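A closer look at the structure
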Amino acid sequence: MSQDARESNDRAGGTGRRVFLGAAAALGATGTALGLTGTAQAAARHGARQGGKGLKSLPVPTIIGHRGASGYRPEHTFGAYELALDLGADIVEAGDLVPTRDGHLVCRHEPEIGGTTDVADHPEFADRRTTKLLDGVSTTGWFTEDFTLAELKTLRATERIPANRPHNTLYNGRWGIPTFEEVLEWQDEQTRGRGKQVWIYPELKHPTYFRKLGLSLEERVAKLLRKHGKDGKNAPVVLQSFEPTSIQRLNKLVDNPLVVLLSGPTTRPWDFVETGDPRTVADLVTRAGLREIAGYAQGIGPTLDLVIPKDANGNLTTPTTLVKDAHAVGLILHPWTLRNENPFLPANLRKGTDADAYGDVFGAYRTYFATGIDGVFTDQPDTGLLAREDHVNG
């Protein structure tokens, strides 16, 4: 286990809002962490794979810590993940998964790491800076697939959007880059330390791009989940991707809850572009498209604009039928992403013009929760939990 994970575990046990879990879900996939041995451990793992209520055991609306508590700490660090739990998040999006050159999975928002690490300050890696075509977009910087894990472990994480979160720059350099396996071990340790099942929600990033490089993500994720006994339908690991064919591939490899992420209505998933599938997201959110998704996934993660579009001035308009249509075919909805800061809010809910100032985010939560969504990704889980209290209490 990394030093970051050890330090995080040493601080485990912070307070968090109680999650109501059945007995099997409370065990989750944590036989090892709970100190079980032999047949007892095997039984606990079997329970995680087969028993319990899975996602249905979580509060609704579910509050998902987006890349951790990234409103307060640099994203995808153990500091951000642990703070999300301390603040009461029901699930932590621990892991946007990208591979290293030697085939390890690490947690970064994108494979390009110039904006989320101090790699530019390392002269030994200056020659690694390059320009690549990433899902059709020319991107310049440093890419995880050009580094070994050992090399990435010499880097430290930094705040990705300092203009919006100058306070987060205080923590630049404090944490390194977690691997997915370290996250799975951390999940077990946090579950034991907090006395309740910790859930994670990793995303597979750019699977088609990496498959063409010989660094397929799905098989690597499945292998690690099986190794840690977290590959069952009720396991506390929800998997997501913007590429439907990646979710279809995962559906054949593991039994975990699966979610298809959906961007703007006119966009096309990159795997569709590569295979010549002409459909757009607008086609996927039709009733026929949703029925198809329900054949291999348990949920969708739409952008908030698919739930309530904005007008030309950036103000919220009338909700679509997406929530009703998705629920009609048995899909849950976890839209993304609510943030407190002005630039990320609908125009009519902003307060002032400062890029780091908070707007009327409670008004945003109230409006989105009223549509019947099952949960939401948020950079500030504590705000989301207060908004949920308001919603539940009427």
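So, a few notes on the structure that sits alongside this text.

What counts, and at which threshold
- Residues numbered from 1 in each chain as written.
- Predicted model: local features only at pLDDT ≥ 70, side-chain atom pairs only at ≥ 80, totals over all residues.
- Heavy atoms only, no water.
- Helix = DSSP H or I, 4+ residues; strand = E, 2+ residues; numbered from the N terminus.
- Buried < 20%, exposed > 50% of the residue type's maximum accessible area, 1.4 Å probe, protein only.
- Contact = heavy atoms within 4.5 Å.
- Areas by Shrake-Rupley, 256 points an atom, 1.4 Å probe, with all protein chains shown as cover.
- Arc of directions from axis to C-beta.
- Phe/Tyr/Trp six-rings, centres within 6.5 Å; stacked < 30°, edge-to-face > 60°.
- Lys NZ or Arg CZ within 6 Å of the ring centre and 35° of its normal.
- Polar contact = N/O pair within 3.5 Å; in protein donor to acceptor, adjacent residues only side chain to side chain.
- Pairing = 2+ DSSP bridges.
- Core = buried A, V, L, I, M, F, W, Y, C linked by side-chain atoms within 4.5 Å.

**Structural notes on the overall build of the protein**
Scanning the protein for helices and strands turns up 16 helices and 13 strands. Out of the 394 residues belonging to the protein, those deemed buried represent 57%. Of the contacts formed within the protein by residues at least 6 apart in sequence, a portion of 69% connects residues at least 24 apart. In the form shown here, the protein has an accessible surface area of approximately 15,400 Å², with 51% of it arising from carbon and sulfur atoms.

**A short note on helix H4 (residues 78-86)**
Taken across its 9 residues, H4 has 8 buried, putting it largely inside the fold. Buried within H4 we find Phe78, Gly79, Ala80, Tyr81, Glu82, Leu83, Ala84 and Leu85.

**Looking at the environment of glycine 114**
Mapping glycine 114 onto the fold places it in the loop between strand E4 (105-107) and strand E5 (130-134). Residue classification places glycine 114 among the partly exposed positions, given a relative accessible area of 28%. A C-alpha to C-alpha distance of 9.2 Å links glycine 114 and arginine 160, two positions 46 residues apart in sequence. Once residues lying within four places of it in the same chain are set aside, the contact partners of glycine 114 are Val119 and Trp142.

**A few points about helix H9 (residues 244-253)**
Those residues of H9 that fall on the buried side of the exposure criterion are Pro244, Ser246, Ile247 and Leu250. Looking down the long axis of H9, one finds its buried residues gathered within 155° of arc, a one-sided arrangement.

**What to know about the packing of aromatic side chains**
Inspection of every chain in the model, using the stated rule, returns 9 aromatic pairs. Between tyrosine 81 and tryptophan 186, the aromatic rings sit 5.9 Å apart at their centres with planes inclined by 50°, giving tilted as the arrangement. Here tyrosine 81 is found in helix H4, whereas its partner tryptophan 186 is found in helix H6 (residues 180-194), with 105 residues between them in sequence. Like tyrosine 81, the residue tryptophan 186 is buried in the burial classification. Among the aromatic side chains, those forming a connected cluster through ring pairs are Phe78, Tyr81 and Trp186. Across from the ring centre of tyrosine 171, 4.2 Å away, lies the NZ or CZ of arginine 73, which sits over that ring.

**Comments concerning unusual backbone geometry**
With the exception of glycine, the majority of residues adopt a negative phi angle, and the majority of peptide bonds are in the trans configuration. At the junction of valine 60 and proline 61, the peptide bond is cis and its omega measures out at -5° in the coordinates. Its place among the elements puts proline 61 in the loop between helix H3 (38-50) and strand E1 (62-65). The backbone of arginine 67 sits at a positive phi, close to 60°, despite the residue not being glycine. Mapped onto the secondary structure, arginine 67 falls in the loop between E1 and H4. For arginine 67, a relative accessible area of 8% puts it in the buried group. Of note in the backbone geometry, histidine 206 takes a positive phi value of approximately 50° without being a glycine. Residue histidine 206 is classed as buried on the basis of its relative accessible area of 15%.

**Concerning the side chain of threonine 139**
Looking at the element boundaries, threonine 139 is found in strand E6 (residues 137-141). Within the local environment of threonine 139, its side chain forms a polar contact with the backbone oxygen of valine 137, the two atoms lying 3.1 Å apart. If near-sequence neighbours (up to four positions away) are discounted, threonine 139 is found in contact with Glu112, Thr130, Thr131, Lys132 and Leu134.

**Topic: the pairing of strand E3 (residues 96-99)**
Here E3 shows no split at all, with Asp96 and Val98 on one side and Leu97 and Pro99 on the other all buried. Here E3 pairs with strand E8 (residues 203-204) via 2 bridges, running parallel. Paired with aspartate 96 across the bridge in E8 is glutamate 203. Note: E3 against E4, 3 bridges, orientation antiparallel. What sits directly across from proline 99, in E4, is leucine 105. Taking the residues between adjacent antiparallel strands as the criterion, E3 and E4 are bridged by 5 residues, where glycine 103 takes a positive phi near 90°.

**Quick notes on the nonpolar core**
Counting 80 residues, the largest nonpolar core has Phe180 and Ile300 as its most contacted members. Counting 9 residues, the second largest nonpolar core, distinct from the first, contains Ile91, Trp199, Tyr201 and Phe377.

**Some remarks on the sheet that holds strand E2 (residues 91-92)**
The parallel open sheet is built from 4 strands, whose spatial order is E7-E2-E1-E13. Edge positions in the sheet fall to strand E7 (199-200) and strand E13 (375-378), since each of these pairs with one other strand and no more. With 4 bridges connecting them, E1 and E13 associate as parallel partners. Paired with glycine 65 across the bridge in E13 is threonine 378.

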